[in-house]
Amino acid sequence: MDSERAFFTGFCDTTLRDGEQAPGVAFTADEKVAIAAALDAAGVQRIEAGVPAMGPAECDALRRIADAGPRAELVAWCRATRADVDAAAGVGLAAAHITIPVSDLHLGAKLGRDRAWARRRIRDCVLAGLDHGLRVSVGFEDASRADDAFVIDLAGELRELGVVLLRWADTVGIMEPFGISTRLAALVRAVPGPWEIHAHDDFGLATANTLAAVRAGFTWVSTTVAGLGERAGNAPLEEVAMGLRHLLHADPGLDTTAFKALARLVARAARRPVPHGKAVVGGSVFAHESGIHVDGVLKSPATYEPFDPAEVGGRRRLVLGKHSGRASLRHALAQCGLQAADEQLGPLLDDVRTRVSELKRPLRAREVREMFLQGASA
Ligand SMILES: [Zn+2]
């Protein structure tokens, strides 16, 4: 795994651009500023902050984000048009990302154009960006359905022009980790230099594909907080970071303890609650209920936790529910300063199960305490 550790460079988070493109999501300027500040504080290296071509309100928000003086490089997102690139230059950010469709499907069906047009158009836009003094990166939209030979050709040409980073987008999330790894390793061999993976989650494989891309030699990852994004969303920042650290043994370079708070902040602004079972940042992913698991966790947390919840700003919770056992009950009572005799535990456990089935939620410590005291006095 030493090669991954040496290769991995950083995160380009696009919560404020692709994340906001999730249907029905619209951040206010204050929310954008707060999210950018939180991403910056967490150590995200590049923040795709917005789309200047959307108009004055977006540009004002981008200027406010820049005025805060983040450590992260702020990136303005552009379609491949001169107007978009000029708008990006007008905002005053140091970097612009220009996207160009590269699949025949997108070029033909969406734009009525062909590969030669795409080549001319992106070249013109990149040169315009460079003339403005911008650091320019280029995104290949729908690269996963494009002809690899065309992408390799175009990528080589753009690198020579002075493009600092190339993004390979699995726009509709149709890749799987084995296939993407083979394709991207060949791409990196053909066109060395910084590549970024942008994966969508239509088949639930965005994180897996992103990690596979890093293993193949990609050095940048494009993510969004909690995976917010078009359709099924993007590769989640927190999943990719924890996967890098614990599965690929590469340093994500982020303050991962910020993840829970970051997910809450974005969920509030997006009006999209984080699902309970969402990996890394879900409300229940560090809660243990079943008897065997609680017994194990009380003896050694590593038995049922792949990493310490504190690493992502989370907290371990042992809850009492239908599947609780004696060890959980004894532990819960001890937390309330109560000690139960062995013969009391069986009937109390029956009562807990009945109650939980009625309430459809775990019991609170206060409720268990009351049940125990009632049972003891009966
Ligand atoms: Zn996308």
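Residues numbered from 1 in each chain as written. Predicted model: local features only at pLDDT ≥ 70, side-chain atom pairs only at ≥ 80, totals over all residues. Heavy atoms only, no water.

## Some points on the state of the cysteines
Here is the idea: a disulfide is a covalent bond, and it sits between the sulfur atoms of two cysteines. The full count for this structure, using the stated rule, is zero disulfides. No disulfide involves Cys 59; its nearest neighbouring cysteine sulfur is the one of Cys 78, lying 10 Å away. Given a relative accessible area of 10%, Cys 59 falls into the buried group. In this structure Cys 125 is not part of a disulfide, and its nearest cysteine sulfur, from Cys 78, lies 8.3 Å away. (Disulfide = S-S within 2.5 Å. Buried < 20%, exposed > 50% of the residue type's maximum accessible area, 1.4 Å probe, protein only.)

## Some remarks on the sheet that holds strand β6 (residues 165-170)
Ordered by their spatial adjacency, eight strands build a closed barrel running β1-β2-β3-β4-β5-β6-β7-β8, and the pairing between neighbours is parallel. With direction set aside, neighbouring strand axes in the sheet form an average angle of 25°. Relative to strand β8 (residues 220-223), strand β7 (residues 195-199) is paired through three bridges, and the arrangement is parallel. By the bridge assignment for β8, Glu 196 is matched with Trp 220. (Pairing = 2+ DSSP bridges. Helix = DSSP H or I, 4+ residues; strand = E, 2+ residues; numbered from the N terminus. Axes fitted to C-alpha atoms, helices over the stretch in contact; angles between N-to-C directions.)

## Focus: the packing of aromatic side chains
On inspection of all chains with the given rule, the structure shows four aromatic pairs. Between the aromatic rings of Phe 8 and Phe 11, the centroid separation amounts to 5.7 Å while the plane-to-plane angle is 75°, which identifies the pairing as edge-to-face. Aromatic pair Phe 286 and Phe 307: ring centres 5.9 Å apart, planes at 75°, arrangement edge-to-face. Here Phe 286 is found in the loop between α12 (259-270) and β9 (287-288), whereas its partner Phe 307 is found in the loop between α13 (291-299) and β10 (317-318), with 21 residues between them in sequence. Comparing Phe 286 with Phe 307, the two get one shared label, buried. An aromatic cluster of at least three residues, connected via ring pairs, comprises Phe 140, Trp 195 and Phe 218. (Phe/Tyr/Trp six-rings, centres within 6.5 Å; stacked < 30°, edge-to-face > 60°.)

## Description of the layout of surface pockets
What the largest pocket holds in volume is close to 390 Å³. Lining of the largest pocket is provided by 24 residues; of these, Arg 17, Trp 77, Thr 99, Lys 110 and Glu 141 occupy positions nearest its centre. Counting only elements with at least two residues in the lining of the largest pocket, the list comes to α2 (15-19), β3 (73-79), β4 (95-101), α6 (104-111), α7 (115-131), β5 (135-141) and β6. Ranked by the residues each element gives to the lining of the largest pocket, the list is headed by β4, at four residues. Split by residue class, the lining of the largest pocket holds eight nonpolar, seven polar and nine charged. Roughly 260 Å³ of internal volume is contained in the second largest pocket. Residue lining of the second largest pocket: 20 residues in total, with Ala 226, Gly 227, Leu 228, Arg 272 and Pro 275 positioned closest to the centre. Classifying every residue of the lining of the second largest pocket by side-chain character gives twelve nonpolar, four polar and four charged. (1 Å grid on protein atoms, 1.4 Å probe; cavity = no way out; pocket = protein on both sides within 12 Å on 5 of 7 lines; lining within 4 Å. Points joined across faces, edges and corners; volume = space filled by probe spheres on them. Nonpolar A, V, L, I, M, F, W, Y, C, P; charged D, E, K, R; others polar.)

## Side note on the pairing of β3
For β3, the tally of buried residues reaches six of seven residues, placing the bulk of the element in the interior. Following the chain from strand β2 (residues 46-50) across helix α4 (residues 56-67) to the adjacent parallel β3, one finds a crossover that is right-handed. Bridge count for β3 against β4 is five bridges, and the pairing is parallel. Counted as the bridge partner of Trp 77 is His 97 from β4. With helix α5 (residues 82-91) bridging β3 and the parallel β4, this β-α-β connection has right-handed handedness. (Right-handed = clockwise from strand over helix to strand, strands pointing away.)

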